[in-house]
There are 2 protein chains.
Amino acid sequence: MDLDVVFLGTAASVPSATRGLSSVLIRRGGERILVDCGEGTQRQLMRSVGLAEVDLVFITHLHADHVLGLPGMLKTFGMRDRERPLRIVGPPGIERFMRDMGRVIGGLKYDLDVLELRSGPVWQGDDYVIEAVRTQHGTPSIGLLLDEDDRPGRFDIDAALALGVRPNSPDLGVLQRGGEVTTDDGRTVRAEEVVGEHRSGRRLVYTGDTVPCESVLEAAWDATLLVHEATFLHEDAERARTTGHSTARGAAALAAEARVGMLALTHVSTRYAPRQLLEEAQAGYADAIVARDFDLVELPYPERGEPRHVPRGGRPRREAVGAGWAGEQAVEEPG
Amino acid sequence: MDLDVVFLGTAASVPSATRGLSSVLIRRGGERILVDCGEGTQRQLMRSVGLAEVDLVFITHLHADHVLGLPGMLKTFGMRDRERPLRIVGPPGIERFMRDMGRVIGGLKYDLDVLELRSGPVWQGDDYVIEAVRTQHGTPSIGLLLDEDDRPGRFDIDAALALGVRPNSPDLGVLQRGGEVTTDDGRTVRAEEVVGEHRSGRRLVYTGDTVPCESVLEAAWDATLLVHEATFLHEDAERARTTGHSTARGAAALAAEARVGMLALTHVSTRYAPRQLLEEAQAGYADAIVARDFDLVELPYPERGEPRHVPRGGRPRREAVGAGWAGEQAVEEPG
C-alpha cells in the first residue's frame, strides 16, 4: 500500500512567493487525508497533484494561517458536484468556525460531518487508525497520528512443504491464518514454524503548531515519519516558548528520543534561511529535512527501506512569476 | 502620474493551476487600491509586484471567490506591523462579513474603516475620485469607477512671449492659472490665448460580476479602460442571464457603445479556452484582451497613447509546478 505525504504549504504564519500556508496531503492507497488547510491550499493542490477528493480534513488548530483555505475548498468541492459527505476534524472551536464561515460558503449539496475533540480516534481505516494527539500551542490544538495495523508475517511456503504439508491444500491457508495442521505422516506443523513474525505497519505523526511535548513524543515513538513544526532557531528559544512554537533543535531532540525514521520540518519562517534550520536540526538528528512546497516524502514499509524525500519535480527552486518585470521585486525567502 | 492595473486573479468561481481567484491591484502614483480579494490574493501579490501596503480595498460583492482572501491579508498586514487604518468598501453585507471573520482574524493593531454602500463616492484622492457603481448580479454588488479630474491645458510659453508678455515675470504664472495680464505696450493677453484646452483625466471601470447594465455603461462612457467580467460565451447566454453574469459578446457590445479605450475581460471560466472568449469579444470590439494572472495594463494619459497590455514578464504560460511528477496531472485550463 503506497503511503506518502505531499507538502502543500510550508510557511509559518505568512506566505511568501515560494511557500504557501500550512497544509499537507497524506495519500494512502486511494485515500486522501488533508491536514491543515491554510489559505490557497486548493490551488496548491491544483498546482501539484490535482484537487483531490479528500476523505478527511484534519485541522490542528484554528489560527488563520492553518484554516482559511477551508471554506473556499469546500465551496469548490460543491461546484464540482461532490456528493459524499466530508468529515472535518478539529480541536474545540472547529464547530464555531464552520458556523462563522457558513454564510460565506452558502449551501453545499454534500454533508459536512464536523467532529470536535481534544484527543482520541477520529478515523478508522481498513487497516489503520487516525488519532488526535494533544499538542501545546496556547490555543486548543491537536496533532495527527496515522497508525497502521501490524501485518501478518511472511509465509514461508517452501519450509511448509519441506515439513510435509500437502501442496495446493487448504492446509496452507490454515497455517497462513495462524492455525496448525497435521501432515500425512501424522506430524503437527504449527504456524510459527512457517510464518515469520508480524511485520509492523507504518506510523506517521504531524504536529501542527506546538512546543515539543510528551504527548507528541509518545505518539512519535518509533514513527516512520515525524512532520514537526520548526518556527524558530534555538537562538530564539525564549520566543518559541512564549508563542507556543518549537525550535529546529527542539524538534530534532524529540525526533532523536523517539527514534523516528525521518524528521521533516515545516512551518518555516522567512526570518531564517532554511539552511539554518536544517543545520540546527541535523546537528541533533541526522535524518532531518526541511520541507519545501511540493516536496513529498514516500514511506515504504519498513522492510523495504527508509522514508524517501522527493524534492518537487526537478523544477528550479524560485518560482516567483514576473519578479522584477514591473520594477518591483517579488518577496522571496532568503537563502 | 503612472496608472496601471495588475491582474492578480482572473479565474471565475474556482481557481486553476494558472488562474487565481478574482483580484486586481490599481496602482496610481504611490497609491494602491485592491479591487476584490479572492482566496490567495496576498500570495499573488507576493509572486508579482510584492505585498503592497494597500490604501483601499474595494469588494464588489460577497461571493466566496471574491472575498475569502481578505481575512488572511488583513492578518498578514497586522503581522507586518501595519499601523495606519485601512478602508474597506463593499456592498451591503460587507460589515457582517467582517464581523463573521473577526474571530478568525483576531485583534489587529490597525483600524479597519468599513464602508457599506450601494453606490456613490467612496474615496477622494488629490485629483481623482473613486465611486461605487451599481451592478446587477443577483446579490448586492457594486463596480468601481476611478475618475481623474481634468488637467489644465498646456501653456504655450513661446506664444505668450510672442504676444509681449514679460519673460521671467509673475505674469506667466497668472496666465497659467487662467488669468489675464497687460503687456508693456498696454495690450491685454488672456489665458485662453496661450493655454490649451483642459486635458481630460483617465477613467477606469472594473465591473466585478454583473450582467451588462446601464449603470456600467454610463460609468464606462469614454473610459480609458473597462475591466469587464466575461464568465460565459454567447452560446451560454441564457445561463449567463440566470446566474447574473456576462458573455464576452455582451461585454464587447457595452465596450463598443461606451467607446472605451480598451476592454479587458476577466473572470475566466475553465469551461472555455481563453481564445474563444477573445475571438467572441474582438468580433464586437477590436480593442479587447483576455487578462491572465500577472498581466498588467498601463494607462498613459490620452495624449500620450493608448492603454498598453503587458503580458506577464516573458514567462512560459504554463506555471503548474510539478505537474505529472507524482503520476497525477495538475488541473490546467484548456487551450
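1. Describing the overall build of chain A
Each helix and strand in chain A was counted, giving 11 helices and 17 strands. With respect to the principal axes defined by its C-alpha atoms, chain A has extents near 85 × 50 × 40 Å. Sequence-distant contacts in chain A: of pairs separated by 6 or more residues, those separated by 24 or more amount to 62%. Put simply, chain A shows about 13600 Å² of open surface, and 46% of that area lies on carbon and sulfur atoms. Each charge sign in chain A was given a centre, from 39 positive and 52 negative side chains, and these centres are 5 Å apart.

2. Here's the deal with the sheet that holds strand S9 (residues 142-148) of chain B
All names here are of chain B. With mixed pairing, the seven strands of this open sheet are ordered in space as S7-S8-S9-S12-S13-S14-S15. On the outer flanks of this sheet lie strand S7 (120-124) and strand S15 (288-290), each paired with one strand and no other. Here the average twist between neighbouring strands, direction ignored, is 20°. One ladder, built from seven bridges, connects strand S8 (residues 128-134) with S9; its direction is antiparallel. Within S9, the residue paired with tyrosine 128 across the bridge is glutamate 148. In this fold helix H11 (residues 274-284) packs onto strand S14 (262-266) and S15, with an angle of close to 165° to the strand it touches most, S15.

3. Observations regarding the sheet that holds strand S3 (residues 31-35) of chain B
All names here are of chain B. Read across the open sheet, the eight strands follow the order S6-S5-S4-S3-S2-S1-S16-S17; overall the sheet is mixed. Of all the strands in the sheet, just strand S6 (112-116) and strand S17 (308-310) have a single pairing partner and so form its edges. Geometrically, the sheet is characterised by an average inter-axis angle of 20° between neighbouring strands, direction not taken into account. Strand direction decides the pairing type here: S3 and strand S4 (residues 56-58), joined by three bridges, are parallel. Bridge pairing in S4 places leucine 34 opposite valine 57. This element, helix H3 (residues 70-79), spans S3, S4, strand S5 (86-90) and S6 of the sheet and lies at about 170° to S5.

4. Observations regarding the confidence of the model for chain A
Residues and elements named next belong to chain A. Averaged over every residue, the pLDDT of chain A is 91; residues scoring 70 or more account for 93%. Here residues 314-335 scores under 50 on pLDDT; set against residues more than four positions off or in separate chains, the count is 74 contacts. On the interface metric, ipTM, the complex scores 0.85, and its pTM is 0.87.

5. Concerning the packing of aromatic side chains
Counting across every chain of the model gives zero aromatic pairs over all chains. Above the face of the tyrosine 110 of chain A ring, arginine 82 of chain A is positioned so that its terminal group lies 5.6 Å from the ring centre. Of note, arginine 202 of chain B hangs over the ring of tyrosine 301 of chain B, and the distance from its end group to the ring centre comes to 3.7 Å.

6. What to know about the pattern of salt bridges
Residues and elements named next belong to chain A. On inspection of all chains with the given rule, the structure shows 37 salt bridges over all chains. The shortest N-O distance in the salt bridge between glutamate 192 and arginine 190 comes to 3.4 Å. Given the relative accessible area of 56%, glutamate 192 is considered exposed. One network of salt bridges, in which partners are shared, links Arg28, Asp127, Glu148 and Arg202.

7. Considering the packing of helix H10 (residues 248-258) of chain B against H11 of chain B
All names here are of chain B. Where H10 contacts H11, the two axes come as close as 8 Å, and the packing angle between them is 30°. Comparing their axes, H11 and H10 come out roughly parallel. H11 is crossed by H10, and the crossing has right-handed handedness. Contacts between H10 and H11 pair Ala248, Arg249, Ala252 and Ala256 from the former with Leu277, Glu280, Ala281 and Gly284 from the latter. Residue composition of the contact of H10 with H11, grouped by class: five nonpolar, one polar and two charged.

8. Some words on the environment of alanine 255 of chain A
Residue and element names in this part refer to chain A. Note on placement: alanine 255 falls in helix H10 (residues 248-258). Assessed through its relative accessible area of 0%, alanine 255 is described here as buried. The contacts of alanine 255, once residues within four sequence positions are left out, are Leu226, Val260, Leu263 and Tyr285.

9. Some details on the pairing of strand S1 (residues 3-9) of chain B
All names here are of chain B. In terms of burial, S1 is a largely internal element, seven of the seven residues being buried. With six bridges joining them, S1 and strand S2 (residues 23-28) adopt antiparallel strand pairing. Note that in S2 the partner of leucine 3 across the bridge is arginine 28. The sheet contact formed by S1 and strand S16 (residues 296-298) spans three bridges and is antiparallel. Opposite aspartate 4, over in S16, you have glutamate 298 as the bridge partner.

10. Let's talk about the state of the cysteines
In total, this model carries zero disulfides over all chains according to the counting rule given. A disulfide-free cysteine, cysteine 37 of chain B has its sulfur positioned 17 Å from the sulfur of cysteine 37 of chain A, the nearest such atom.

11. Things to note about helix H3 (residues 70-79) of chain A
Residues and elements named next belong to chain A. Burial analysis of H3 places eight of its 10 residues in the buried class, which makes it a mostly covered element. Regarding H3, the residues found buried are Leu70, Pro71, Gly72, Met73, Leu74, Thr76, Phe77 and Gly78. Of the residues trailing H3, aspartate 81 is marked for its positive phi of about 65°.

12. Description of the side chain of aspartate 65 of chain B
You can see aspartate 65 of chain B is positioned in helix H2 (residues 64-67). In this structure, aspartate 65 of chain B is buried with no salt-bridge partner, the nearest side chain bearing the opposite charge being lysine 75 of chain A at 7.3 Å. In terms of polar contacts, aspartate 65 of chain B uses its side chain to reach the backbone amide nitrogen of serine 13 of chain B, at 3.1 Å. A distance of 3.4 Å separates the side chain of aspartate 65 of chain B from the side chain of histidine 267 of chain B, its partner in a polar contact. Residues contacting aspartate 65 of chain B, with those up to four places away along its chain left out, are Ala12, Ser13, Leu21, Ser22, Gly38 and His267 of chain B.

Calculation criteria
- Residues numbered from 1 in each chain as written.
- Chains lettered and ligands numbered in written order.
- Predicted model: local features only at pLDDT ≥ 70, side-chain atom pairs only at ≥ 80, totals over all residues.
- Heavy atoms only, no water.
- Helix = DSSP H or I, 4+ residues; strand = E, 2+ residues; numbered from the N terminus.
- Contact = heavy atoms within 4.5 Å.
- Areas by Shrake-Rupley, 256 points an atom, 1.4 Å probe, with all protein chains shown as cover.
- Lys, Arg positive; Asp, Glu negative; His and termini not counted.
- Charge placed at Lys NZ, Arg CZ, Asp CG, Glu CD.
- Pairing = 2+ DSSP bridges.
- Axes fitted to C-alpha atoms, helices over the stretch in contact; angles between N-to-C directions.
- pLDDT = per-residue confidence, 0-100.
- Phe/Tyr/Trp six-rings, centres within 6.5 Å; stacked < 30°, edge-to-face > 60°.
- Lys NZ or Arg CZ within 6 Å of the ring centre and 35° of its normal.
- Salt bridge = Lys/Arg side-chain N within 4 Å of Asp/Glu carboxyl O.
- Buried < 20%, exposed > 50% of the residue type's maximum accessible area, 1.4 Å probe, protein only.
- Parallel < 35°, antiparallel > 145°, perpendicular 65-115°, else oblique.
- Left-handed = near helix turned anticlockwise from the far one by under 90°.
- Nonpolar A, V, L, I, M, F, W, Y, C, P; charged D, E, K, R; others polar.
- Disulfide = S-S within 2.5 Å.
- Polar contact = N/O pair within 3.5 Å; in protein donor to acceptor, adjacent residues only side chain to side chain.

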